[in-house]
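Now for the letters of each chain:
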Amino acid sequence: MFGFGKAKHKEISAHELADLLSAGKAVVVDVREANEFADGHIPGAVNMPLSSFQPSRLPSPEGKVVVLNCLGGKRSGMALDKCSVAQDVVDTHLAGGFGAWSAAGLPVER
């Protein structure tokens, strides 16, 4: 029930995302609200708050994987559900969200 236990979305670790970004192979979309984003985010991330999230407005990946993130992974999962309903190919998010990125000691942009 409710999809728990199903591998519905792909999750990547903070270090896997850092590697993809270093190689120029990922676009990060942060679905936190603007004030959270302003407090710190993954360098180069695009802010598209979940409160107004529309899969049709996602940036064109141009051969890159689009990775969604939030603070802990819940809101990015909800955004991925919206992508699924819209039949969008975006299906990946950051496991543990921005919290995991920060805990890994990776760079933060403000």
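Above this text you will find the structure in question.
Cut-offs applied
Residues numbered from 1 in each chain as written. Predicted model: local features only at pLDDT ≥ 70, side-chain atom pairs only at ≥ 80, totals over all residues. Heavy atoms only, no water. Helix = DSSP H or I, 4+ residues; strand = E, 2+ residues; numbered from the N terminus. Buried < 20%, exposed > 50% of the residue type's maximum accessible area, 1.4 Å probe, protein only. Pairing = 2+ DSSP bridges. Expected span 1.5 Å × (residues − 1). Arc of directions from axis to C-beta. Contact = heavy atoms within 4.5 Å.

J.: Is there a simple way to think about the environment of Ala18 in this case?
T.: Within the secondary structure, Ala18 is located in helix H1 (residues 14-22). In this structure Ala18 comes out as buried when scored by relative accessible area, which is 13%. Placed 31 residues apart in sequence, Ala18 and Pro49 show a C-alpha to C-alpha distance of 22 Å.

J.: Before we go on, may I ask you to explain the pairing of strand E4 (residues 65-69) in this structure?
T.: The side chains of a regular strand alternate between the sheet's two faces. Within E4, four of the five residues are buried, which leaves it mostly tucked inside the rest of the structure. Pairing of strand E2 (residues 26-30) with E4, which is carried by five bridges, proceeds in the parallel orientation. Residue pairing for E4: Asp30 is matched across the bridge by Asn69. Two strands pair when backbone bridges link them, and E4 and strand E5 (residues 92-94) are joined in this way by two bridges, in the parallel orientation.

J.: Whenever I open this one, the pairing of E2 confuses me. Can you help?
T.: Where burial is concerned, most of E2 is hidden: five out of the five residues are buried. Burial along E2 is two-sided: the face carrying Ala26, Val28 and Asp30 and the face carrying Val27 and Val29 are both buried. Looking at chain direction, E2 and strand E3 (residues 46-47) are connected through two bridges and run parallel. From the neighbouring strand, Asp30 faces E3, where its bridge partner is Asn47.

J.: Explanation requested: unusual backbone geometry in the structure shown.
T.: In this structure, Glu62 takes a positive phi of about 45 degrees despite not being glycine. On the secondary structure map, Glu62 appears in the loop between E3 and E4. Judged by its relative accessible area of 69%, Glu62 falls in the exposed class.

J.: Please explain the sheet that holds E3 as it appears in this structure.
T.: Working definition: the strands of a sheet are paired by backbone hydrogen bonds and lie parallel or antiparallel to each other. Spatially, five strands are ordered E1-E5-E4-E2-E3 in an open sheet, and the strand pairing comes out parallel. Every interior strand has two partners, whereas the edge strands, strand E1 (10-12) and E3, have only one. Pairing of E1 with E5 involves three bridges; the strand directions are parallel. Pairing of Glu11 across the sheet is with His93, part of E5.

J.: What is the right way to look at the environment of Val85 in this model?
T.: When you line up the elements, Val85 lands in helix H3 (residues 74-85). Residue Val85 is classed as exposed on the basis of its relative accessible area of 72%. Spatially, the C-alpha atom of Val85 lies 26 Å from that of Ala14, the residues being 71 residues apart in sequence.

J.: Quick question: what am I supposed to make of H3 here?
T.: Residues lying three or four places apart along an α-helix face the same way, a consequence of the helix completing one turn every 3.6 residues. In a regular helix each residue adds 1.5 Å, so 12 residues correspond to 16 Å; H3 covers 17 Å between its end C-alpha atoms and thus fits that length. Along H3, the residues classified as buried are Ser76, Gly77, Ala79, Leu80 and Cys83. With its buried residues spanning 160 degrees around the axis, H3 presents them on a single face. The exposed residues of H3 that point more than 90 degrees off its buried face are Lys74 and Val85. Those residues of H3 hidden inside the fold are in contact with E4 and E5. Looking one or two residues past H3, Gln87 carries a phi angle of roughly 60 degrees, positive in sign.

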